[in-house]
Amino acid sequence: MLTSAIAPFAKLGRGIGVRQVRLACGLILFTYLISHFLNHALGLISPEALEIGVIYHTTFWQYPPIALAFYSAAVVHMSLGIWSLYERREFRWRSIEPLQLALGLCIPVMIISHIIGIRLSQTLYDTEKLYPQVLYVNWVASSGRLWLMLGVLNVAWVHGCIGLYLWLRPRAWFKATKSFWLACAVLLPTLAMLGFYQGGRTVEQQSQSQQWRADNLMPPHADTAPHQEFLDQIVNYFLAGYLGLLGLMVVGRGARLLHERHGGLIALSYDDGRTIRVPKGLTVLEASIRHKVPHASVCGGRARCSTCRIRVTSGLDALPPPSKRETFVLDRVGAADDPTVRLACQLRPESDLSFARMFLPHVAAADPRRINPLRTGQERYLVSMFIDMRGSTKLAEKLLPFDTVYIVNQFLNVVSQAVTASGGQPNQFYGDGQLALFGLTTDPQTACRQALRAAARLAANVDDLNQVLVHDGREPIRFGIGIHGGVVIVGDIGNSDHMVFTALGDAVNVAARLQDMTKVVGCETILSEEVHQRAGLPPDALPAQDAVIRGRAGTMRIHAVTKSSVLARLLDNKPASPAPVIGT
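Cut-off values and rules
- Residues numbered from 1 in each chain as written.
- Predicted model: local features only at pLDDT ≥ 70, side-chain atom pairs only at ≥ 80, totals over all residues.
- Heavy atoms only, no water.
- Pairing = 2+ DSSP bridges.
- Helix = DSSP H or I, 4+ residues; strand = E, 2+ residues; numbered from the N terminus.
- Axes fitted to C-alpha atoms, helices over the stretch in contact; angles between N-to-C directions.
- Disulfide = S-S within 2.5 Å.
- Buried < 20%, exposed > 50% of the residue type's maximum accessible area, 1.4 Å probe, protein only.
- Core = buried A, V, L, I, M, F, W, Y, C linked by side-chain atoms within 4.5 Å.
- Contact = heavy atoms within 4.5 Å.
- Salt bridge = Lys/Arg side-chain N within 4 Å of Asp/Glu carboxyl O.
- Phe/Tyr/Trp six-rings, centres within 6.5 Å; stacked < 30°, edge-to-face > 60°.
- Lys NZ or Arg CZ within 6 Å of the ring centre and 35° of its normal.
- Expected span 1.5 Å × (residues − 1).
- pLDDT = per-residue confidence, 0-100.

Here we take up the sheet that holds strand S3 (residues 309-314). One open sheet accounts for five strands, arranged S2-S1-S5-S3-S4; its pairing is mixed. Unpaired on one side and paired on the other, strand S2 (275-279) and strand S4 (341-343) mark the two borders of the sheet. When strand polarity is set aside, the average angle formed by the axes of neighbouring strands in this sheet is 40°. Two strands pair when backbone bridges link them, and strand S1 (residues 265-269) and strand S5 (residues 353-357) are joined in this way by two bridges, in the parallel orientation.

Okay, structure coming up:
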């Protein structure tokens, strides 16, 4: 029992690596930056609002547990940033990543005098330096410090925004709302700098008064000369230590390069027959990029996806064991139990290796800037709808071939019209049937309602088509629909000559099985309980039954719809509402 209780936490721990720790620390620092910017922006209201805001800001961030987390995050984030620079062997992923790293390395140099002068001074000498003192030093006493302060604000903000963008860009909801986040990324620092400017002008006017200077520029609001000299020494020591650490990192990279060159080369053999020789210590993905060998990698080698997966065909016994992070990712895709499957971004072979890339290289080639993550492969909740035309085989027996093709095309045309009008995407054609996808740009609840709306529209469209074809004396066209929702893999599938964007997964297979069941049940549409609940339909709106789905263990609750047109009435009478998630 204890083992089963701690299993989820153990699995979570396997997913935490250096990158995840650095990301968590970065999020803490970025939260502080947002709080600081909002405080600066209060200067647009009044100096009093600025002073009130800083009281709340400092009260929260100087609360001992919060302060400990903040300063620990700053130290860890900076240290891991330097380690990342040492560890990284190739910088040709994207131009934005070296920019982010360079900006991050500049921040400690630009901000340390401000931190020492404000926070350490308060700790050592119990000084109280708030906005009047900071604005006077940076606005009135030294204009050079003003530009330094504005510079570090923008450098830190851009560094954090790049990190958030690289983290969130594969997520569908971020893609749908990226315009909003871009507006926030531009607006917040702009308001902060305007508030800082307005506060500086106010302090510049107030500083003309001798009384104001006596009240705000003397102890305990300012450091004495000996205190200031000691703080300046600490700043100099920090800068010397920090620059020395960077220098040590550069020397370490050089020493490692020499060691790798003299430590021998290993051969990496690809599935297309090419072989490259690289120094020991590189990951397989780094080796591919160094030699410009196309290799899929949507996340840029961060172990956040599995598109760089390889299957080892030779040299397996000499490979190092996978890290916790690599094991976590492979477990997510069901490959943790196969020792031949490894992540190219994590595997550092020490001997010759032969392998096959499991994702087509040209789908996510060496220039990821042009890649749409959704097309390369992504887990996403979608609603799958399978539509099939009934009796097409008998139709072909009675009609001329071209007449049969004409009628099938007319049916598929009205199907596509219904899907598109409801917000879905016609995806694959299977003879006289079609797979339609809902939820590529919407939330699951909306996708479920769109699919049901499409089924109702399809019924109306087919009725209209039958009216057009009735003069030929043909039997009315009938159809079957299966609808189910769940997490699937969406992306381009195929070979180098023909790629098709589609969805793969259990939810798609279930939708196909439900469509087949309409023939047995004798109805037009069958939808799963998952879709029924997420669409917000009343519990008793449609008859329910438990059915065995071919290829699946156990039973599934389904809802049969004799006439699909009734779905429109149910949707119009029941607005969308949140529904619980049901396992698929």
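Inspection of the entire model under this criterion finds zero disulfides. Between Cys184, a free cysteine, and Cys161, which holds the nearest cysteine sulfur, the sulfur-to-sulfur gap is 9.9 Å. As a non-bridged cysteine, Cys345 has Cys308 as the owner of its nearest cysteine sulfur, 3.8 Å distant. A relative accessible area of 8% means that Cys345 is categorised as buried.

Our focus in this paragraph is the nonpolar core. Core analysis: the largest hydrophobic core is formed by 40 residues, its most contacted members being Val383, Met385, Phe411, Phe438, Leu452, Ile483 and Leu567. The element contributing the most residues to this core is helix H16 (residues 444-469), with 12 residues. In contact with Phe438, not counting residues within four places along its chain, are Leu382, Val383, Met385, Val419, Ser422, Gly423, Gly424, Ala447, Gln450, Ala451 and Ala454. Within the second largest apolar cluster, 27 residues are counted, among which are Leu282, Ile289, Val293 and Ile310.

Enumeration according to the criterion identifies 12 salt bridges in this entry. The closest approach of N and O atoms between Asp338 and Arg311, which form a salt bridge, is 2.8 Å. In this pair, Asp338 is assigned in the loop between helix H12 (324-332) and S4 and Arg311 in strand S3, connecting sequence segments 27 residues apart. For Asp338, a relative accessible area of 26% translates into the label partly exposed.

What follows concerns the packing of aromatic side chains. Within the structure shown, the criterion is met by 15 aromatic pairs. Summarising the aromatic geometry, the rings of Tyr270 and Phe355 are spaced 4.7 Å apart at their centres and angled 65° between planes, so their arrangement reads as edge-to-face. One end of the pair, Tyr270, is in the loop between S1 and S2; the other, Phe355, is in strand S5, with 85 residues separating them in the sequence. Judged on exposure class, the residue Tyr270 and its partner Phe355 are both buried. By way of ring pairs, the aromatic residues Tyr32, Phe60, Trp61, Phe70 and Tyr71 are connected into one cluster. The aromatic ring of Tyr86 is capped on one face by Arg256, whose charged end is 4.5 Å from the ring centroid.

Within the secondary structure, Asn466 sits in helix H16. On the basis of relative accessibility, which here comes to 14%, the residue Asn466 falls in the buried class. Excluding residues within four positions of it along the chain, Asn466 makes contact with Pro476 and Ile477.

Looking now at the environment of Val278. Mapped onto the elements of the fold, Val278 is located in strand S2. Looking at Val278, the relative accessible area reads 2%, which means it is buried. Not counting the four nearest positions on each side in its chain, Val278 is found in contact with Leu265, Ile266, Leu268, Ala287 and His291.

Now for the pairing of S5. The two faces of S5 differ: Leu353, Phe355 and Arg357 on one face are buried, but Ser354 and Ala356 on the other face are not. Sheet topology places S3 next to S5; four bridges connect them, and they run antiparallel. In the strand pairing of S5, Ile310 is matched with Arg357.

Time to look at helix H10 (residues 225-262). The end-to-end C-alpha distance of H10 is 55 Å, a good match for the 56 Å that 38 residues give at a rise of 1.5 Å each. When H10 is considered as a whole, its buried residues turn out to be Leu231, Val235, Tyr242, Leu246, Met249, Arg256 and Glu260. Backbone geometry just after H10 places Gly264 at a positive phi near 100°.

Confidence in the prediction for the protein chain averages 83 pLDDT; 86% of positions are at 70 or higher. When pLDDT is averaged over each element of the protein chain, strand S11 (residues 525-528) comes out on top at 94 and helix H13 (residues 373-376) at the bottom at 48. Long-range and interchain partners of residues 362-374, a stretch whose pLDDT sits below 50, account for 33 contacts in this model, where long-range means more than four residues apart. For residues 575-584, every residue scores under 50 in pLDDT, and the model assigns this stretch 21 contacts once sequence neighbours within four places are set aside.

This brings us to the environment of Leu168. Mapped onto the elements, Leu168 comes out in helix H7 (residues 143-168). Between the C-alpha atoms of Leu168 and Lys178, which are 10 residues apart in sequence, the distance is 9.8 Å. If we skip the residues at most four places from it in the chain, Leu168 touches Trp173 and Phe174.

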